[in-house]
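Close look at the chain arrangement
Next come the chains, spelled out residue by residue.
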Amino acid sequence: MGTKKMKVRINRNGQTEISVECGNGDDCLVFTKAVEQALGKVEQRELTADYNATDAVSVTSNENLNESL
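As the structure is a computational prediction, the values presented were derived from the model and not from experiment.

Along the backbone of the chain there are 3 helices and 4 strands. When the helices and strands of the chain are listed from N to C terminus, the series reads β-β-α-β-α-β-α. With 69 residues in all, the chain has 23% of them scored as buried. Sequence separation of 24 or more characterises 41% of the internal contacts of the chain that already satisfy a separation of 6 or more.

Okay, structure coming up:
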């Protein structure tokens, strides 16, 4: 297994998406927990088909980062 990678995408409308590669089991959820808490309420969590094998996860938040800064 490779090094865990977290990708964070912030859309123009303030929607934030987080995806994780190279995790194992619920490890990716622990890996993203601090970022999720900083961004605010998780609107949607989508576990990919690879979740059990590679822990790829997509998380969406509609919090506006400008308000948090």
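From this point on, the discussion continues.
Moving on to the pattern of salt bridges. Scanning all chains against the criterion turns up 2 salt bridges. A salt bridge links glutamate 36 to arginine 45, with the shortest nitrogen-to-oxygen separation between them at 3.1 Å. Looking at glutamate 36, the relative accessible area reads 9%, which means it is buried.

Attention shifts here to helix 1 (residues 27–39). Across its 13 residues, helix 1 extends 19 Å between first and last C-alpha, which sits within 8% of the 18 Å expected from 1.5 Å per residue. The sharpest bend along helix 1 comes to roughly 45°, located at lysine 33. Residues of helix 1 that are buried: Cys28, Thr32, Glu36 and Leu39. Of the residues trailing helix 1, glycine 40 is marked for its positive phi of about 115°.

We now examine the side chain of glutamate 36. With respect to the element layout, glutamate 36 can be found in helix 1. Here arginine 45 takes part through its side chain, which lies 3.1 Å from a polar atom of the side chain of glutamate 36.

Quick notes on the rules
- Residues numbered from 1 in each chain as written.
- Predicted model: local features only at pLDDT ≥ 70, side-chain atom pairs only at ≥ 80, totals over all residues.
- Heavy atoms only, no water.
- Helix = DSSP H or I, 4+ residues; strand = E, 2+ residues; numbered from the N terminus.
- Buried < 20%, exposed > 50% of the residue type's maximum accessible area, 1.4 Å probe, protein only.
- Contact = heavy atoms within 4.5 Å.
- Salt bridge = Lys/Arg side-chain N within 4 Å of Asp/Glu carboxyl O.
- Expected span 1.5 Å × (residues − 1).
- Bend = angle between axes of the 7 residues up to and from the residue.
- Polar contact = N/O pair within 3.5 Å; in protein donor to acceptor, adjacent residues only side chain to side chain.

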